[in-house]
Amino acid sequence: MDEAETEWLIGQAQALQHQAVSYPDQAFYAELAAFAEAQSRRLEQAQGELDGRLWDHRGW
Amino acid sequence: MKTLIIVGHPAVAESTTQQFLKAAAAPVSGASWHELPAATPVAQLAACQRLVLQFPLYWYQAPALVGTWLTQTLAQPGATAALAGKTLGLVVACGQPEAAFQAGGRVGVTLDALLAPYVALANKLGMHLLPKLVVAQFAYQSEAAHQALLVRYQQYLSLQDPTSFAQVAAWWQTQLRRRAGQQATEPALAARLRLVADTLATRQDALANLQDALADLEGGTTLG
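Since the structure is predicted, the reported quantities are computational estimates derived from the model, not experimental observations.

J.: Would you explain the overall build of chain B in this entry?
T.: For chain B, the helix and strand inventory stands at 9 helices and 6 strands. With the C-alpha coordinates of chain B rotated into their principal frame, the extents come out at 55 × 55 × 40 Å. Within chain B, the fraction of its 224 residues that count as buried is 46%. On chain B, the mean spot of the 14 positive side-chain charges and the mean spot of the 12 negative ones are 7 Å from each other.

As structure tokens, this is what we get:
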């Protein structure tokens with residue numbers, strides 16, 4: 001789950017927002033981009049925490 | 001989920017905030033909008049899974065309409081039993097910034113303190129109280145904030161636990177696939193929406209796996 005995939009998701013959401021005609025649709029796609037970023041942050045944090053715990057020599 | 005939205009604003013038609021929320025609620029499957037004063041029969045209470053009390057703060061309390069509705073509604077035989085086990089949501093609009101509602105702030109007390117009667121109410125009725133959804137100074141909010149509110153409000157009306165990231169993720173996938181299903185004349189757009197939904201789902205599965213692995217480590221279980 002890399003940065004390129006997150007950028008792709010955000011790009012898709014922004015393009016869909018740009019194409020959307022109704023206000024609710026524009027809001028939906030704007031928030032979709034925000035959700036994709038939030039998901040990316042959680043993935044990064046969880047992976048980082050896991051790596052940190054696995055590579056903590058005190059736990060070996 | 002069947003959600004009853006009880007709107008305790010004395011002039012809904014003149015309220016920009018309430019009109020915005022009304023439009024946001026309209027497409028939410030299972031949500032019904034009830035403007036006070038109104039009678040809510042016990043059968044309607046029994047049929048819902050979520051009750052949302054929605055009101056502006058007037059002098060730091062709900063308008064009298066809300067208290068009157070509670071008194072009349074809960075006086076009906078079977079009303080309290082009909083609400084037991086359901087969830088209670090609070091959507092509160094206020095004319096001051098949220099930051100004013102804290103010790104040392106302009107108001108000096110928290111919103112939670114002002115909403116304490118509803119905590120007691122939920123306890124008495126055996127209802128699970130959701131964290132409140134606050135709409136502070138709607139008219140001063142940015143367009144981005146309005147867009148975020150629209151989506152958060154729809155999730156508040158329809159998710160079992162609106163604070164659960166996993167449930168929010170599932171909501172996004174469901175909404176994208178529903179929109180894809182509505183694109184009969186635009187197969188390319190439908191395919192694009194489904195691909196976005198699938199990508200979100202794969203990432204959410206990966207997140208769940210990472211969280212399971214972390215839980216295992218905390219529990220002392222070794223990995224492989």
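Additional details are given in the paragraphs that follow.
J.: I tried to follow the pairing of strand 4 (residues 87-94) of chain B on my own but got confused; where do I start?
T.: Here is the key point about a regular strand: its side chains alternate between the two faces of the sheet. All names here are of chain B. With respect to burial, strand 4 is a largely interior element, 8 of its 8 residues being buried. Two elements, strand 3 (residues 50-56) and strand 4, share 7 bridges in a ladder whose sense is parallel. Bridged to Gln54 within strand 4 is Val91. Here strand 4 runs beside strand 5 (residues 128-129); their pairing, made up of 2 bridges, is parallel. Bridge pairing in strand 5 links Leu88 to Leu129. Bridge count for strand 4 against strand 6 (residues 133-136) is 4 bridges, and the pairing is parallel. Across the sheet, residue Cys94 finds its bridge partner in strand 6, namely Ala136.

J.: How should the interface of chain B and chain A be read in this particular structure?
T.: Interface size, as often reported, equals the accessible area lost upon joining of the parts. The partner chain A presents 34 residues to the 34 residues of chain B that form the contact. Overall, the association of chain B and chain A removes approximately 3100 Å² of surface from exposure, summing both partners, and the carbon and sulfur fraction of that is 71%. Our enumeration of links across chain B and chain A arrives at 3 salt bridges. Linking Arg179 of chain B and Asp25 of chain A is a salt bridge whose minimum nitrogen-to-oxygen distance equals 2.7 Å.

J.: Got a minute to help me understand helix 7 (residues 143-158) of chain B in this structure?
T.: Since the α-helix advances by 3.6 residues per turn, residues separated by three or four positions end up pointing in the same direction. For helix 7 of chain B, which comprises 16 residues, the first-to-last C-alpha distance of 23 Å matches the rise-based estimate of 22 Å (1.5 Å per residue) to within 8%. The set of residues buried in helix 7 of chain B consists of His146, Gln147, Leu149, Leu150, Val151, Tyr153, Gln154, Gln155, Tyr156 and Leu157 of chain B.

J.: For this particular structure, what's the right way to read the packing of aromatic side chains?
T.: Between two aromatic rings, the relevant description is the distance of the centres plus the angle of the planes. Enumeration according to the criterion identifies 9 aromatic pairs over all chains in this entry. Seen from their ring centres, Phe20 of chain B and Phe138 of chain B are 4.9 Å apart, and the 55° between their planes marks the pair as tilted. Taken together, the positions of Phe20 of chain B in helix 1 (residues 16-25) and Phe138 of chain B in the loop between strand 6 and helix 7 put the pair 118 residues apart, joining distant regions of the chain. Judged by relative accessible area, Phe20 of chain B falls into the buried class, the value being 13%. Joined through ring pairs, the aromatic side chains of Phe28, Tyr29 and Phe35 of chain A together with Phe165, Trp171 and Trp172 of chain B make up one cluster. In this structure, Arg179 of chain B is placed above the aromatic ring of Phe28 of chain A, and the distance from its NZ or CZ to the ring centre is 3.7 Å. The side chain of Arg179 of chain B reaches across the aromatic face of Tyr29 of chain A, ending 5.5 Å from its centre.

Calculation rules
Residues numbered from 1 in each chain as written. Chains lettered and ligands numbered in written order. Predicted model: local features only at pLDDT ≥ 70, side-chain atom pairs only at ≥ 80, totals over all residues. Heavy atoms only, no water. Helix = DSSP H or I, 4+ residues; strand = E, 2+ residues; numbered from the N terminus. Buried < 20%, exposed > 50% of the residue type's maximum accessible area, 1.4 Å probe, protein only. Lys, Arg positive; Asp, Glu negative; His and termini not counted. Charge placed at Lys NZ, Arg CZ, Asp CG, Glu CD. Pairing = 2+ DSSP bridges. Contact = heavy atoms within 4.5 Å. Buried area = accessible area lost by both parts, 1.4 Å probe. Salt bridge = Lys/Arg side-chain N within 4 Å of Asp/Glu carboxyl O. Expected span 1.5 Å × (residues − 1). Phe/Tyr/Trp six-rings, centres within 6.5 Å; stacked < 30°, edge-to-face > 60°. Lys NZ or Arg CZ within 6 Å of the ring centre and 35° of its normal.

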